[in-house]
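A look at the structure
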Number of protein chains: 2
Amino acid sequence: MRNVIGILGGMGPEATILMMSRLVAATPASDDSDHIPMLVDNNTQVPSRIAHLIDGTGQDPTPVLVGMAQKLASSGADVLAMPCNTAHSYYPAVAGAVQVPVLNMVELTAQAVARAHPEGPVGILASPAVEITGIFAKAFAALGRDIVYPADRDRVLSAIRAIKAGRIDTALPILEEAADEIATSGAPVAVVGCSEFSIVAPQLTGGPLALIDSLDVLVDACVAYATGSVAASNQGAKLAK
Amino acid sequence: MRNVIGILGGMGPEATILMMSRLVAATPASDDSDHIPMLVDNNTQVPSRIAHLIDGTGQDPTPVLVGMAQKLASSGADVLAMPCNTAHSYYPAVAGAVQVPVLNMVELTAQAVARAHPEGPVGILASPAVEITGIFAKAFAALGRDIVYPADRDRVLSAIRAIKAGRIDTALPILEEAADEIATSGAPVAVVGCSEFSIVAPQLTGGPLALIDSLDVLVDACVAYATGSVAASNQGAKLAK
């Protein structure tokens, strides 16, 4: 018995595929049927979260995200996941629109960091959109932890845009410098808090920082949920709120 | 304007992810919205095609495949694709159950081979299930071409099972030997006609044979369809039948 994971994807498509690959790799399997079934809306036409949250000019993606969630749930998904940290700015609307639980990548990541690194400030490598909406700030404040962003938002944003355009070599040094800057604040750990950065995370040293990839945390939660190794009712109630 | 590709996936899940990756790689893009939207039913619980077609013991997967196609179409897919050659044994039922066109990977591959290699027999590296149902035989016969399978069906099947279990090192030498055997028949080219073999195709030399990967042919057709570079109405009518 396998629960079906519904994925609100396409933000961007490569990050969605990366999540699916990590889900497959994380599942012990000797045949197709051992793998976790997934329904994936790899919707590359979700209005830009960056344009809406940073530039303040773009269309609000909320109705599209809500529609995707409802369609996935009505098509048979037992639990939903969004492999896009920035899209979690719209999490309350998405989770409120469906009966099934929606895994909260941001909160789950804060909990994973707190378990592995219980002291000190936490660096966040994420979109300036995430910084503006304060979703990681809120999740870590609930655990009594301070967070640190790199100072130059435009530079971090340029790394995201470079990865979306396939220019990984442009993005990597920006992220290494950002990690070094975060380390000077005394943080022992940084969150890879943008699924575009998850694409390059295996090539990222993080300098002196330990790195915790939010996409890995989401994948682990999906595997636990799909294979029933987490009590579904409690987990659902806990995660959907 | 991008048409939405609906993918009947999960047969197996890695082949589905590979198709999605190749679709992303084949699409010139500078941001998410340039990419092709995909609705993916990565259904790992489709009854085994091998058990049904070879062993004769398994449940008929037709109703599940038809249900997947109908759900993808009603969820907004403009065209459907199945990244599983063996599942094309059920193509008439699937294509007959929906109004949208269903790309026929097997026929498109036969056409691609005929364009690139207009003479001689054509080797087929595919599941014995595909050999039994004769789908490649029919597609190539329509173009006046003979096909050649490796003699030892069990050995080819063991390679598929090894890849599904993650044992690529077991599968590769079996496929290289099969390619050598096919070459002795005078075939200049072989079809990589199992999407599990597509996973290892980049590592496969094929010995003296040119290799045409059916998954690449399907991806090219999807890109052409999604970007409107193929006249949708004609293509649809042609491909759905």
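Cut-offs applied
Residues numbered from 1 in each chain as written. Chains lettered and ligands numbered in written order. Predicted model: local features only at pLDDT ≥ 70, side-chain atom pairs only at ≥ 80, totals over all residues. Heavy atoms only, no water. Helix = DSSP H or I, 4+ residues; strand = E, 2+ residues; numbered from the N terminus. Least-squares fit on C-alpha atoms with pLDDT ≥ 70 in both. Contact = heavy atoms within 4.5 Å. Expected span 1.5 Å × (residues − 1). Polar contact = N/O pair within 3.5 Å; in protein donor to acceptor, adjacent residues only side chain to side chain. Buried < 20%, exposed > 50% of the residue type's maximum accessible area, 1.4 Å probe, protein only. Pairing = 2+ DSSP bridges. Right-handed = clockwise from strand over helix to strand, strands pointing away. Domains from an automatic or database assignment. Buried area = accessible area lost by both parts, 1.4 Å probe. Salt bridge = Lys/Arg side-chain N within 4 Å of Asp/Glu carboxyl O. Lys, Arg positive; Asp, Glu negative; His and termini not counted. Nonpolar A, V, L, I, M, F, W, Y, C, P; charged D, E, K, R; others polar. Axes fitted to C-alpha atoms, helices over the stretch in contact; angles between N-to-C directions. Parallel < 35°, antiparallel > 145°, perpendicular 65-115°, else oblique. Left-handed = near helix turned anticlockwise from the far one by under 90°.

1. Let's talk about unusual backbone geometry
Of note, the amide linkage connecting Met11 of chain A to Gly12 of chain A takes the cis form, showing an omega dihedral of -10°. Examined against the element boundaries, Gly12 of chain A turns out to sit in the loop between strand E1 (5-9) and helix H1 (13-25).

2. Description of the relation of the copies chain B and chain A
For the pair chain B and chain A, the superposition axis carries a translation of 0.0 Å, the fit reaches an RMSD of 0.0 Å, and the rotation angle comes to 180°. Taken together, the turn and the small shift mark the pair as related by a two-fold rotation axis. The C-alpha atom lying nearest the rotation axis in chain B is that of Val40 of chain B; the distance is 2.4 Å. A shared binding surface is used by both copies, with 100% of the interface residues of chain B retained as interface residues in chain A.

3. Regarding helix H8 (residues 153-164) of chain A
Residue and element names in this part refer to chain A. Its 12 residues give H8 an end-to-end C-alpha distance of 17 Å, which sits within 8% of 16 Å, the value for a rise of 1.5 Å per residue. Contacts made by the buried residues of H8 are with helix H2 (49-55), helix H6 (128-133), helix H9 (168-183) and helix H10 (195-200). Where H8 starts, the residue carrying a side-chain oxygen 3.2 Å from the main-chain nitrogen of Asp154 turns out to be Asp152. Remark: Gly166 follows H8 within two positions and exhibits a positive phi of approximately 85°.

4. Observations concerning the pairing of strand E6 (residues 189-192) of chain A
All names here are of chain A. Taking every second residue as pointing to the same face, both faces of E6 are buried, with Val189 and Val191 on one and Ala190 and Val192 on the other. Here strand E4 (residues 122-125) pairs with E6 via 4 bridges, running parallel. Following the sheet pairing, Leu125 is matched in E6 by Val192. In the sheet, E6 pairs with strand E7 (residues 210-213) via 4 bridges, with the strands oriented parallel. Bridge pairing in E7 links Val191 to Ile212. In this view, the connection linking E6 to its parallel neighbour E7 by way of H10 has right-handed handedness.

5. Digging into the domain arrangement of chain A
All names here are of chain A. Looking at the assigned domains, one finds that chain A contains domain 1 (5-104 + 216-237) and domain 2 (106-215). One C-alpha centre belongs to domain 1, the other to domain 2; they are set 20 Å apart. At the interface, 25 residues of domain 1 touch 28 residues of domain 2. For the pairing of domain 1 and domain 2, the buried interface totals around 2,100 Å² over both sides, and the portion due to carbon and sulfur atoms is 60%. It is Asn85, Asn104 and Val217 in domain 1 that bury the most area against domain 2; as a group they hold 32% of the surface buried on that side.

6. Some words on the pattern of salt bridges
Residue and element names in this part refer to chain B. Overall, the coordinates contain 16 salt bridges over all chains when judged by the stated rule. Between Lys71 and Asp41 there is a salt bridge whose closest N-O contact spans 3.9 Å. A residue pair is termed long-range when its members are at least 10 positions apart, and Lys71 in helix H3 (residues 62-74) and Asp41 in strand E2 (residues 38-42) qualify at 30 residues. Given the relative accessible area of 5%, Asp41 is considered buried. Where Glu131 meets Arg153, a salt bridge forms, and the shortest distance between an N and an O atom there is 3.3 Å. Of this pair, Glu131 sits in helix H6 (residues 128-133) while Arg153 sits in helix H8 (residues 153-164), and the two are 22 residues apart along the sequence.

7. Here's the deal with the side chain of Glu176 of chain B
Residue and element names in this part refer to chain B. Note that Glu176 resides in helix H9 (residues 168-183). One buried charged side chain, Glu176, makes no salt bridge at all; its nearest oppositely charged neighbour is Arg155, positioned 12 Å away. Among all residues touching Glu176, those that are not within four sequence positions of it are Gln203, Leu204, Thr205, Gly206 and Gly207.

8. Description of the interface of chain B and chain A
Counting residues at the interface gives 31 residues for chain B and 31 residues for chain A. For the pair chain B and chain A, the summed buried area comes to about 2,400 Å², and 55% of that belongs to carbon and sulfur atoms. If you sort the residues of chain B by the area they bury against chain A, Ile17, Asp32 and Thr44 of chain B come out on top, with a joint share of 23%. On the surface where chain B and chain A come into contact, there are 4 salt bridges. Across the pair Arg49 of chain B and Asp32 of chain A runs a salt bridge whose closest N-O atoms are separated by 2.9 Å. Our enumeration of links across chain B and chain A arrives at 15 residue pairs in polar contact (both at pLDDT 80 or more). Of all the elements in the fold, those that place two or more residues in the side of chain B that touches chain A are helix H1 (13-25) and E2 of chain B. The element contributing the most residues to the side of chain B that touches chain A is H1 of chain B, with 6 residues. In the side of chain B that touches chain A, the residues fall into 12 nonpolar, 11 polar and 8 charged. Here 5 bridges tie strand E2 (residues 38-42) of chain A to E2 of chain B, and the two strands are oriented antiparallel to one another. From the neighbouring strand, Met38 of chain A faces E2 of chain B, where its bridge partner is Asn42 of chain B.

9. Section: the packing of H1 of chain A against H1 of chain B
Between H1 of chain A and H1 of chain B, the least distance of the axes is 10 Å, while the angle of their chain directions is 160°. Between H1 of chain A and H1 of chain B, the crossing angle belongs to the class labelled roughly antiparallel. Along this stretch, H1 of chain A crosses H1 of chain B, giving a crossing that reads as left-handed. Residues Pro13, Glu14, Ile17, Met20, Ser21 and Val24 of chain A of H1 of chain A touch H1 of chain B, and the partners they reach there are Pro13, Glu14, Ile17, Met20, Ser21 and Val24 of chain B. Class assignment of the residues belonging to the contact of H1 of chain A with H1 of chain B gives a composition of 8 nonpolar, 2 polar and 2 charged.

10. Quick word on the sheet that holds E6 of chain A
Residues and elements named next belong to chain A. Within the open sheet, the 4 strands sit side by side as E5-E4-E6-E7. Their pairing is parallel. In this open sheet, the two edge strands, each paired with only one partner strand, are strand E5 (147-148) and E7. Contacting E6 and E7, helix H11 (residues 214-226) crosses the sheet at an angle of about 50° to E7.

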